[in-house]
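Each chain is listed here by its residues.
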Amino acid sequence: MADLKCNTAGIISPNPFWLASAPPTNTGDQIMRAFDAGWGGAVWKTLGEPIVNVWSRYGSVDINGVKMMGLNNIELITDRPLDVNLKEIYEVKKRYPNHAVIVSLMVESKREAWHEIVKKAEDAGGDGLELNFGCPHGMSERGMGGAVGQVPEYIEQITGWVKEVATVPVLVKLTPNIADIRYAARAAKAGGGDGVSLINTINSIIGLDLDTLAPNPPVNGLGSHGGFCGPAVKPIALNMVSQIGTDPETLGLPISGIGGVSTWRDAAEFIALGSSSVQVCTAVMHYGFRIIEDLVDGLSNYLDEKGMTMDELRGASLPKIRDWKELDLNYKVNARIDQEKCIGCGLCYTACEDGAHQAIFSRRREDGRTFVEVKPDACVGCNLCSLVCPVDGCIDMVEIPTGFDPCSWEQYQSGEGKLAPRPAGH
Ligand SMILES: Cc1cc2nc3c(=O)[nH]c(=O)nc-3n(C[C@H](O)[C@H](O)[C@H](O)COP(=O)(O)O)c2cc1C
Ligand code: SF4
Ligand code: SF4
């Protein structure tokens, strides 16, 4: 079995799977049960000033009967007393010295307030700190969370205050609610942050109740924007992680990847884009701590099959992510329909005819089903038909040699490269 031991900015954990700061890390009891189940680390539910929560907190996007593909919340930081949390952190660390306990923090933007909470978290035995500059709702109205994370100068300043007193590694948790995540990551690094974790939740209104016309989740007839997470946000998180991994100014900055991780495959993707550890919230809220068994087994088997170590997987995809202008314009693919597998549903025809390039021929067969065939000269290889086809492996995208050398937009513009002929009118 592959060695999954992990080092994130100096925070060591037996595997890269951490619980994200959220309801699954509310209490010491939960975190100890999670460690027993196999989780490598946990970021404690954010500690800070005393708050009061509303009693209706979550809303969900269900897609085609699959529940919680996206989860929205209007919950604030921990509502448990600080001294109770600190006592429990101490207890968990005493009993689980080899697991990573990271303490998430959010206080008002005053140097003394940050110094004080950092010292308390360290005295309790936290292996690392995570600065919550992310929550887009509630706390941001009070000048904390996302209100800090959206201004690189504030990120740098507060990270600097924390680093004045911190003796354990400091991760800066970034908000995705910003035009370019690289500026936030650079600011975290400039402030002395040892690494970044991302993403926190995406600002959202999950939907309306069309009877009351109030947003969900309803709080006595009203609602508020909240933070969106779960499987639906993974593509946004992957992109932001890759942006930080490829930015020359933050090259090598340790990353704890977060956002929509439910399976070992999701985790492997975050690691291949440069994450050291990965954090999970929604999937645990949905299915419980036991999902860790599949996460650990799946990642370990994958590494064994690939003959790779964790270190080799980390960042392995980054060199393959380029600007569009570097892609080969002469790489040509066409859709190919396997007539043996086709069930004649006609979905590919409709998609291509109305939503793409009118490159599928269709006729009604004698048995009432639809016969479909790709017109190679019109197909631009957009993939749409293969994405809508309900039969696995029925439509393949097949490479068609053009006989032309690779040619990028840059090469074409400079006159260095020559374009292969393209379908007329496309
Ligand atoms: C109900 C709920 C409460 C959360 N509370 C916190 C919090 O206190 N501190 C924090 O940094 N992030 C908090 N988060 C954000 C998560 O830590 C995580 O960044 C986000 O949910 C994305 O991960 P996921 O897609 O696996 O859920 C919360 C998320 C949810 C759903
Ligand atoms: S790949 Fe695109 S253009 Fe080609 S047949 Fe499919 S949908 Fe039409
Ligand atoms: S979508 Fe797939 S199964 Fe349906 S007609 Fe097209 S190729 Fe056949």
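Residues numbered from 1 in each chain as written. Chains lettered and ligands numbered in written order. Predicted model: local features only at pLDDT ≥ 70, side-chain atom pairs only at ≥ 80, totals over all residues. Heavy atoms only, no water.

Here's the deal with the packing of helix α8 (residues 264–272) against helix α10 (residues 291–306)
The axes of two packed helices give the description: the angle between them and the distance between them.
Link 1 in the chain: Where α8 meets α10, the closest approach of the two axes is 8 Å, and the angle between their N-to-C directions is 55°. When the interaxial angle is binned, α8 and α10 end up oblique. Note that α8 runs across α10; the crossing there is right-handed. The residues of α10 that touch α8, namely those facing Trp 264, Ala 268 and Ile 271, are Asp 294, Leu 295, Gly 298, Leu 299 and Tyr 302. (Axes fitted to C-alpha atoms, helices over the stretch in contact; angles between N-to-C directions. Helix = DSSP H or I, 4+ residues; strand = E, 2+ residues; numbered from the N terminus. Parallel < 35°, antiparallel > 145°, perpendicular 65-115°, else oblique. Left-handed = near helix turned anticlockwise from the far one by under 90°. Contact = heavy atoms within 4.5 Å.)

Comments concerning the nonpolar core
Link 1 in the chain: With 80 residues, the main nonpolar core has Trp 39, Trp 114, Leu 129 and Leu 198 as its most contacted residues.
Link 2 in the chain: The biggest single contributor to this core is α10, with 6 residues.
Link 3 in the chain: Core analysis: the next-biggest nonpolar cluster, separate from the first, contains 17 residues, Ala 335, Ile 337, Val 372 and Cys 385 among them. (Core = buried A, V, L, I, M, F, W, Y, C linked by side-chain atoms within 4.5 Å. Buried < 20%, exposed > 50% of the residue type's maximum accessible area, 1.4 Å probe, protein only.)

Concerning the site of ligand 2
Link 1 in the chain: What surrounds ligand 2 is a group of 14 residues, the closest being Cys 352, Cys 379, Cys 382, Asn 383 and Cys 385.
Link 2 in the chain: One can see that ligand 2 is located within the second largest cavity.
Link 3 in the chain: The class makeup of the residues in the shell around ligand 2 is 11 nonpolar, 3 polar and no charged. (Near = heavy atom within 4 Å. 1 Å grid on protein atoms, 1.4 Å probe; cavity = no way out; pocket = protein on both sides within 12 Å on 5 of 7 lines; lining within 4 Å. Sits in = over half its atoms within 2 Å of the grid points. Nonpolar A, V, L, I, M, F, W, Y, C, P; charged D, E, K, R; others polar.)

A closer look at the domain arrangement of the protein
Link 1 in the chain: What the domain assignment reports for the protein is domain 1 (6–320) and domain 2 (324–414).
Link 2 in the chain: If you average the C-alpha positions of domain 1 and of domain 2, the two centres end up 40 Å apart. (Domains from an automatic or database assignment.)

A look at the site of ligand 1
Link 1 in the chain: In the vicinity of ligand 1, 24 residues are found, and the nearest of them are Ser 21, Thr 46, Lys 173, Gly 260 and Thr 282.
Link 2 in the chain: Note that an oxygen atom of ligand 1 is positioned 2.9 Å from one of the backbone N or O atoms of Gly 230.
Link 3 in the chain: Here ligand 1, which alone exposes 610 Å², has 99% of that area covered by the protein.
Link 4 in the chain: When each cavity is represented as a set of grid points, ligand 1 is found to reside in the largest cavity.
Link 5 in the chain: Classifying every residue of the shell around ligand 1 by side-chain character gives 11 nonpolar, 10 polar and 3 charged. (Polar contact = N/O pair within 3.5 Å; in protein donor to acceptor, adjacent residues only side chain to side chain. Areas by Shrake-Rupley, 256 points an atom, 1.4 Å probe, with all protein chains shown as cover.)

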